Amino acid sequence: MASTLKTILFFSIFTVFFLSRVSPKPHPLDSLTPSEFLLVRAIVNQSYPTFTHKLSFQYVGLEEPDKQVVKSWLSEPSSQPPPRQALVILRLNQQTRELIVDLSIRSVVSDKLYSGFGYSTVTTEDQEAAVDLALKHGPFLASIRRRGINISEIACFSQTIGWYGQMKTNRQLQVKCYYLDGTVNSYLRPIGGITIVADIEQMKISKYVDRAVIPLPKAEGTDYRASMITLPFGPHFNAAPPKPPGQTGFKLDVNVVSWANWKFHLAFDARVGPVISLASIYDAEKKTYRQVMYRSYISELFVPYQDPTEGWYRTTIFDSGEYGLGNYVVPLEPLNDCPSGAVFVDVYYAASDSKPVQVPDAMCIFERHSGDVMWRHSDVKREITETRPDISIVVRMVATAGNYDYILDWEFKPSGSIKFLIGLTGVLQVKAVPYTNTDQIEEEVYGTLVAGNTIGVSHDHFLTYHLDLDIDGDANSFVKTHLIRKRVKDENIPRKSYWNVEHEIAKTESDAKIQIGLNPPELLVVNPNKETKFGNNVGYRLVPGSTARPLLAIDDFPQIRAAFTNNNVWVTPYNKSEKWAGGRFVDRSRGDDTLAVWTKKNRRIKNKDIVMWYTVGFHHVPCQEDFPVMPTLSVGFELKPTNFFEYNPVLKTVPPQHLSWPNCTK
């Protein structure tokens, strides 16, 4: 057996070695490739042979090189790139291990047993095991017979269960089941009144309660397929005119995107999804590319449901840390998800055996002609009008997190702005109730009656972005610009008041904890060592979007774990290990390794290499228009140049040559 294993490992490593020799050298921030996933698998299996160990790869991703190492290589890209390494989190014999695998020397260079609280992301196999346990559980089958429904028409899904003060926790998942029978919508006919919790280490049902038989919501009106829609139809639209084949407007050189005056690197990670790095903008006056953003991604996505009853109180989801936002990625549909002219990119992540899983057309890149105006001015007296259309480039991914679909956009504008947009659509998570009209409700139902016997449960969405800005270099400061109302002191002036600005430079992490209220300061990251010719520090300003904050009590267990949402903005000194706002091991975590904990050190951030963390938050009170599929709700925020350029960077934009317009006099 051992001899056979060594032979297999030799040929696996030889194959990967051969592929690596004929492939171009990867960029230091490139995602791991399929051959690298296989190499990781071979190296780890050499240390922990699967025939003697119960082994599961919970996470495999790039162990990014130190920032200064990357920047040193960028200054001389023809030199040898830094070694390719992988961060591997294993579940091995019911223990968690963290490994660093060096792919250049084909060896495990670090192997640590994790003995803290919490567990890594759950795998597809974990989730399927929990469902399988539920579907074979005798009391559950009896409950199904009691309800008079067909077991073959049942679809079950597993969810994490959180932490509620227990001294000791096991890896457990709750299982929620739905009845199909007449619909393909998997989430709108919940089988209510049942609690199922499965222990996926001991492989047994650890809790089962059948509280009551609750009427099933009807299947009628839940289908969303175009082929099944009946009269009356909604509005009809004309398709957008197609672009000529091959006309994209940008250049994609392996993983580096160049468009107009922007250049950035695009990668993918199983835990966070798209990763945008090394974003720089060309300054025509200075005749050089200038640094703006070293690295950005969605660090965590927290979705707490607001039903505190048995069967629901556990539903407080950390999509990135508990499941992996990138693991939710789905293929995009040309012309519907992405417009004509889009370029599609495949991505790969590691399955629980570290074999690569390919998702075709997972991200798209396209030039957006929004119909908005970049800038304009009319001088009526002189009969002068100058106007420019707004054009941008967009990177898009869709993550389908069970019932919810998140449309995630990074949009770069020639003005220097970067917009981060989130579109929420998909299907509500609903609860079965005995009510068919609001007149019948005489108790708290924790949501909205959106259909017969169907409550859309109220919930929140908090997306925390990791934004490592390098404005013209590493050494940056965080500035709060307060708008202060003042009284007019000159008695000869009839005005009584005005406002002016006062600048406050944050010296430590505590100074940079911001809860955005009714009169928020303007928030900037500036380079205190670089000035415009008029003496202003170059910088970028955060333009907030939806800024809802948590309404849970700060001592509530889900909020202890999600304390990184207590502020809209945090600023920390750069630390390569501080990547994930909810901590490295989020499933059943206790909140002892979060952004909120890191910042208690109150480190200095003035004129340092700093990272800004921004949380987009909003409360969702469901309504009937959200049923059976939600129209997309879009939120986001923007990073905008502020005294970064000497003047409007798109002033000299050449007007595009337009085709003649049949009903326009010009």
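Residues numbered from 1 in each chain as written. Predicted model: local features only at pLDDT ≥ 70, side-chain atom pairs only at ≥ 80, totals over all residues. Heavy atoms only, no water.

- Under an unreviewed UniProt entry, the name given to the protein is Amine oxidase, and the source organism is Hibiscus sabdariffa.
- Regarding the protein, the UniProt comment filed under Sequence similarities (unreviewed entry) reads as follows: "Belongs to the copper/topaquinone oxidase family." (UniProt positions renumbered as here; feature names shortened; annotations may be inferred.)

**Observations concerning the state of the cysteines**
Here is step 1 of the chain: For the structure shown, the criterion picks out two disulfides.
Here is step 2 of the chain: One disulfide in the model links Cys-338 with Cys-364; its S-S distance is 2.1 Å. On the S-S bond that ties Cys-338 to Cys-364, the torsion sits near -90 degrees, and the link is left-handed. One end of the pair, Cys-338, is in the loop between helix H6 (319-323) and strand E15 (343-350); the other, Cys-364, is in strand E16 (residues 356-379), and 26 residues separate them in sequence.
Here is step 3 of the chain: On the basis of relative accessible area, Cys-338 is assigned to the buried category, the value being 1%.
Here is step 4 of the chain: Taken N- to C-terminal, the disulfide-bonded cysteines of the protein are connected 1-2, 3-4. (Disulfide = S-S within 2.5 Å. Helix = DSSP H or I, 4+ residues; strand = E, 2+ residues; numbered from the N terminus. Buried < 20%, exposed > 50% of the residue type's maximum accessible area, 1.4 Å probe, protein only.)

**Quick look at unusual backbone geometry**
Here is step 1 of the chain: Note that the residue after Leu-231, namely Pro-232, is joined by a cis bond; omega there is 0 degrees.
Here is step 2 of the chain: Mapped onto the elements, Pro-232 comes out in the loop between strand E8 (204-210) and strand E9 (251-253).
Here is step 3 of the chain: Note the cis peptide between Phe-627 and Pro-628, where omega equals 0 degrees.
Here is step 4 of the chain: Relative to the elements of secondary structure, Pro-628 occurs in the loop between strand E29 (608-620) and strand E30 (630-642).
Here is step 5 of the chain: Positioned with a positive phi, Ser-354 is a non-glycine residue whose angle comes to about 70 degrees.
Here is step 6 of the chain: Within the secondary structure, Ser-354 is located in the loop between E15 and E16.

**What about the packing of aromatic side chains?**
Here is step 1 of the chain: Applying the stated criterion across every chain yields a total of 26 aromatic pairs.
Here is step 2 of the chain: Measuring from ring centre to ring centre gives 6.1 Å for Tyr-164 and Phe-557, while their planes differ by 75 degrees; the resulting arrangement is edge-to-face. Pair noted here: Tyr-164 is in the loop between strand E5 (154-160) and strand E6 (172-179) and Phe-557 is in helix H7 (residues 557-561), with a separation of 393 residues, a long-range link.
Here is step 3 of the chain: An aromatic cluster is built from Trp-410, Phe-420, Tyr-465, Tyr-614 and Phe-637, whose rings are joined through pairwise contacts.
Here is step 4 of the chain: Sitting over the face of the ring of Trp-580, Arg-271 holds its NZ or CZ atom 3.9 Å from the ring centroid.
Here is step 5 of the chain: Stacked on the ring of Phe-644, the Lys or Arg Arg-290 has its end atom at 3.8 Å from the ring centre. (Phe/Tyr/Trp six-rings, centres within 6.5 Å; stacked < 30°, edge-to-face > 60°. Lys NZ or Arg CZ within 6 Å of the ring centre and 35° of its normal.)

**As for helix H3 (residues 67-75)**
Here is step 1 of the chain: Along H3, the residues classified as buried are Lys-67, Val-70, Lys-71 and Trp-73. Projected down its long axis, H3 shows its buried positions confined to an angular sector of 160 degrees, all on one face.
Here is step 2 of the chain: In the core, the buried residues of H3 are packed alongside strand E13 (288-304), strand E23 (459-469) and E29. (Arc of directions from axis to C-beta. Contact = heavy atoms within 4.5 Å.)

**A closer look at the domain arrangement of the protein**
Where interface size is given, it is often the accessible area lost as the parts come together that is meant.
Here is step 1 of the chain: For the protein, the domain assignment lists domain 1 (13-114), domain 2 (124-223) and domain 3 (251-642).
Here is step 2 of the chain: Between domain 2 and domain 3, a total of about 3100 Å² is buried, with carbon and sulfur atoms accounting for 54% of that surface.
Here is step 3 of the chain: The largest contributions to the domain 2 side of the interface with domain 3 come from Thr-160, Trp-163 and Tyr-164, which together make up 24% of the buried area.
Here is step 4 of the chain: Scanning the region where domain 2 abuts domain 3 turns up one salt bridge.
Here is step 5 of the chain: With a closest N to O distance of 3.5 Å, Glu-310 and Lys-207 form a salt bridge.
Here is step 6 of the chain: Here domain 2 and domain 3 share 14 residue pairs in polar contact (both at pLDDT 80 or more) between them.
Here is step 7 of the chain: Contributions of two or more residues to the side of domain 2 that touches domain 3 are made by helix H4 (124-135), E5, E6 and strand E7 (194-199).
Here is step 8 of the chain: Broken down by element, the residue count for the side of domain 2 that touches domain 3 peaks at four residues, all from E6.
Here is step 9 of the chain: Partitioning the side of domain 2 that touches domain 3 into residue classes produces 13 nonpolar, 16 polar and seven charged. (Domains from an automatic or database assignment. Buried area = accessible area lost by both parts, 1.4 Å probe. Salt bridge = Lys/Arg side-chain N within 4 Å of Asp/Glu carboxyl O. Polar contact = N/O pair within 3.5 Å; in protein donor to acceptor, adjacent residues only side chain to side chain. Nonpolar A, V, L, I, M, F, W, Y, C, P; charged D, E, K, R; others polar.)

**Some words on empty space enclosed by the protein**
Here is step 1 of the chain: Scanning all chains against the criterion turns up three cavities of 30 Å³ or more.
Here is step 2 of the chain: Approximately 220 Å³ is the volume attributed to the largest cavity.
Here is step 3 of the chain: Along the walls of the largest cavity sit 22 residues, with Tyr-59, Leu-62, Phe-268, Asp-269 and Arg-295 positioned nearest its centre.
Here is step 4 of the chain: Contributions of two or more residues to the lining of the largest cavity are made by strand E1 (55-62), strand E11 (262-269), E13 and E15.
Here is step 5 of the chain: At four residues, E1 tops the list of elements feeding residues into the lining of the largest cavity.
Here is step 6 of the chain: When the residues that make up the lining of the largest cavity are grouped by side-chain class, the tally is 15 nonpolar, two polar and five charged.
Here is step 7 of the chain: Viewed by domain, the lining of the largest cavity spans two of them, domain 1 (13-114) and domain 3 (251-642), each represented by three or more residues.
Here is step 8 of the chain: Forming the walls of the second largest cavity are Glu-64, Tyr-294, Arg-295, Tyr-297, His-466, Asp-468, Tyr-574, Asn-575, Lys-576, Glu-578 and Lys-579.
Here is step 9 of the chain: Elements represented by at least two residues in the lining of the second largest cavity include exactly E13 and E23.
Here is step 10 of the chain: Looking at the lining of the second largest cavity element by element, the count peaks at three residues for E13.
Here is step 11 of the chain: When its residues are assigned to classes, the lining of the second largest cavity shows three nonpolar, two polar and six charged. (1 Å grid on protein atoms, 1.4 Å probe; cavity = no way out; pocket = protein on both sides within 12 Å on 5 of 7 lines; lining within 4 Å. Points joined across faces, edges and corners; volume = space filled by probe spheres on them.)

**Things to note about the pattern of salt bridges**
Here is step 1 of the chain: Under the definition given, this model contains 37 salt bridges.
Here is step 2 of the chain: One salt bridge in this structure joins Arg-290 and Asp-472, with 2.6 Å as the shortest N-O distance. You can see Arg-290 sitting in strand E13 and its partner Asp-472 sitting in the loop between E23 and strand E24 (475-487), a full 182 residues away along the chain.
Here is step 3 of the chain: Given a relative accessible area of 4%, Arg-290 falls into the buried group.
Here is step 4 of the chain: Salt bridges linked by common partners bring Lys-67, Lys-71, Asp-468, Asp-470, Asp-474 and Asp-609 together as one network.

**Description of the pairing of strand E4 (residues 107-114)**
Here is step 1 of the chain: Relative to E4, strand E3 (residues 95-102) is paired through seven bridges, and the arrangement is antiparallel. Counted as the bridge partner of Val-101 is Val-108 from E4.
Here is step 2 of the chain: Between the end of E3 and the start of E4, which pair antiparallel, lie four residues, with Arg-106 showing a positive phi angle near 55 degrees. (Pairing = 2+ DSSP bridges.)

**What to know about the environment of Lys-136**
Here is step 1 of the chain: You can see Lys-136 is positioned in the loop between H4 and helix H5 (138-147).
Here is step 2 of the chain: Owing to a relative accessible area of 61%, Lys-136 belongs among the exposed residues under this scheme.
Here is step 3 of the chain: Lys-136 sits 444 residues away from Trp-580 along the chain, and the two C-alpha atoms are 37 Å apart.

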